[in-house]
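The residues making up each chain are set out below.
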Amino acid sequence: MHRKCALSAPKKGENVEKTNQNVGMAGLIAALMSAILAFQLNASMLSPVLKTMEKELNTTSAQIGLSQTAFFTSAALFSLILPRWGDLIGRRKVMIGMVAVTAFGSVLAALSVNVGMLFVARVIQGVSGPIVPMALIMLRAQLHDNKRYAFWMAVLASVNGGIGGVDALAGGWLADALGFRSVFWTMAVVAVIAVVLVRLGAEDTRASEGEPMDWPGSLALVVSLGTILTAFNELGKLGAANFVYVGILIAVGVIAFIIFWKIETAAAHPLVATHYMKQRRTWGLLLTTTLIMTGVFAIMNGLVPNLAQSDNFAGLSAGDVSWTTLTPYALAGLLMGPIAGKLAGKFGYITVLRAGTALTILGVGFALLVVNNPNAIMLLVLSLWVGISYAGITNIMLNGLGVVLSPKDNPGYLPGMNSGAFNIGAGLSFAILFAVNTAVAANMGEVAGYRVSMLVGAAIIALGLLSSFLIPKPEELPDHM
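Residues numbered from 1 in each chain as written. Predicted model: local features only at pLDDT ≥ 70, side-chain atom pairs only at ≥ 80, totals over all residues. Heavy atoms only, no water.

(A) Geometry of the overall build of the protein. Scanning the protein from terminus to terminus reveals 19 helices and zero strands. Across the 481 residues of the protein, 58% fall into the buried class. Considering only intrachain contacts with a sequence separation of at least 6, the fraction spanning at least 24 residues in the protein is 82%. For the protein, the exposed area adds up to about 19300 Å²; of that, 69% sits on carbon and sulfur atoms. (Helix = DSSP H or I, 4+ residues; strand = E, 2+ residues; numbered from the N terminus. Buried < 20%, exposed > 50% of the residue type's maximum accessible area, 1.4 Å probe, protein only. Contact = heavy atoms within 4.5 Å. Areas by Shrake-Rupley, 256 points an atom, 1.4 Å probe, with all protein chains shown as cover.)

Below, the structure is given as structure tokens:
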């Protein structure tokens, strides 16, 4: 009996080790959450503030929209290279640098005296673009249990939608009470706190030792994507676009990509091995992410808040818009995230992704009805619906797939490129859907502008649902992480 009890009794050293592991995991989660929040505030806190920025900087909604596009374009470009650099020199080191630069950009934005200065500041803030995929990679490097990883991955990814809408609420309240500059000062404070927490709570993991960074390939890829994104942004002006300029940009982008491909083929340590670029794990996921994000992002973060604030419709203030639309949207996503993670563990990432995307299309269809009667209750139902379907399911599955589909020898490339796809989609969403809204409203009235732009968004999301059938299942790839 005594022997049995001795064998079953936990050892003191084991208890201490388990406690240390739990403390270490809590510190890691807190650090990664703070870093994600530092990025997320840049993406969502301004949604109820766009009108205020337009008035205080004495500019147009198109120019403010362009500053948003600049942020997401910058975020997309930095997402291509920073995760891989983190693989090589240390992820904690790179993440601290990213958040610190974001804090500087926030200070510059707070001091902006015109929209040009704001534009530069938003480009600098775009350095934070790859924080979410890097956080998920860092979590994966320290947490090897698949079920626990799926749960915490979903929790972190759901924070990417905002802390229950508190960020949007705070943005609207600060804009009403103190002006838009106070929003950027808040971003700067949060980023500084994140620097401290990441330094204290995360390990400086890396994928390999001694490999050089492929800077020539990185430069060629950034030039290629940057010029093509700029071309798409110019096309978003529709009839006012300079099509000669667009043609030159696309030509430069294509040539730069050809150069990138040749560099990667010959490089001993490429940014992205070309045989991975040819696989459906890469282009199938990136296409799906870009399409879905293009279709939904500007609807929930731009068109719906603007609809709610329009004097011809609900006429809500910036603060009321946050309570009615942005907060319920983020809160629904935050609460649904962990549930989506458990569903993914049971039914698979891709099955859950498709279900969430289908529900999102139906939600945007409901938005077309809301345009006819945009009262507070209808706006609330819409926000909860898309918050559950997109922010709580689809977005999280897309983030998770970027990590679980990655090959072991280059874990940073796919999450980084997928983050780029998210930011590309967000930038294109504002460029395309706002351009459609403006053009149609000018010719057919404000109601038609909102309705047609949302219909275009739904069609793009539907294309994303179709492209999701091109993504391979993680278990079909023997060399994934």
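Anyway, onward from the coordinates.
(B) View of the environment of Ile36. Note that Ile36 resides in helix α2 (residues 12-44). A relative accessible area of 0% places Ile36 in the buried class. The spatial distance from the C-alpha of Ile36 to the C-alpha of Asn160 is 6.1 Å, given a sequence separation of 124 residues. When residues no more than four places from it in sequence are discounted, the contact partners of Ile36 are Ile131, Val132, Ala135, Leu156, Val159 and Asn160.

(C) Seen up close, the pattern of salt bridges. In this structure the tally under the stated criterion is three salt bridges. Here Arg84 makes a salt bridge to Glu211, at a shortest N to O gap of 3.1 Å. Here Arg84 is found in helix α4 (residues 61-89), whereas its partner Glu211 is found in the loop between α10 (181-201) and α11 (215-235), with 127 residues between them in sequence. Classification of Glu211 by relative accessible area gives partly exposed; the value is 28%. In this structure, a network of salt bridges that share partners links the residues Arg84, Asp87, Arg91 and Glu211. (Salt bridge = Lys/Arg side-chain N within 4 Å of Asp/Glu carboxyl O.)

(D) View of the nonpolar core. Within the largest apolar cluster, 134 residues are counted, with the highest numbers of intra-cluster contacts made by Met53, Met95, Leu139, Phe184 and Met454. With 13 residues, the single largest contributor to this core is helix α14 (residues 280-309). Among residues more than four places away in sequence, those in contact with Phe184 are Leu46, Met53, Ser106, Ala109, Ala110, Leu118, Arg122 and Gln125. (Core = buried A, V, L, I, M, F, W, Y, C linked by side-chain atoms within 4.5 Å.)

(E) Region of the structure containing the confidence of the model for the protein. Averaged over every residue, the pLDDT of the protein is 85; residues scoring 70 or more account for 89%. Mean pLDDT per element in the protein: helix α1 (residues 2-8) is the minimum at 48, and helix α5 (residues 91-110) is the maximum at 95. Counting contacts from residues 1-7, a segment whose pLDDT is below 50, to residues more than four positions away or on other chains yields zero contacts. (pLDDT = per-residue confidence, 0-100.)

(F) Just the packing of aromatic side chains, in detail. The full count for this structure, using the stated rule, is ten aromatic pairs. Geometrically, the ring pair formed by Phe71 and Phe72 is edge-to-face, given 4.9 Å between the ring centres and 70° between the ring planes. You can call Phe72 buried: its relative accessible area is 2%. Centroid distance Phe257 to Trp261: 6.1 Å. Interplanar angle 45°. Geometry classified as tilted. Here Phe257 and its partner Trp261 are both found in helix α12 (residues 243-266), four residues apart, which amounts to about one turn of the helix. By relative accessible area, which is 32% here, Phe257 ends up partly exposed. (Phe/Tyr/Trp six-rings, centres within 6.5 Å; stacked < 30°, edge-to-face > 60°.)

(G) Representation of α11 in the model. The end-to-end C-alpha distance of α11, which contains 21 residues, comes to 30 Å, matching closely the 30 Å that a straight helix rising 1.5 Å per residue would cover. Three or more residues of α11 are buried, namely Gly217, Ser218, Ala220, Leu221, Ser224, Leu225, Gly226, Thr227, Leu229, Ala231, Asn233 and Glu234. Where α11 is buried, its residues touch α4, α12 and α18 (413-444). The N-terminus of α11 is capped by Asp214, whose side-chain oxygen sits 3.1 Å from the backbone nitrogen of Gly217. (Expected span 1.5 Å × (residues − 1). Polar contact = N/O pair within 3.5 Å; in protein donor to acceptor, adjacent residues only side chain to side chain.)

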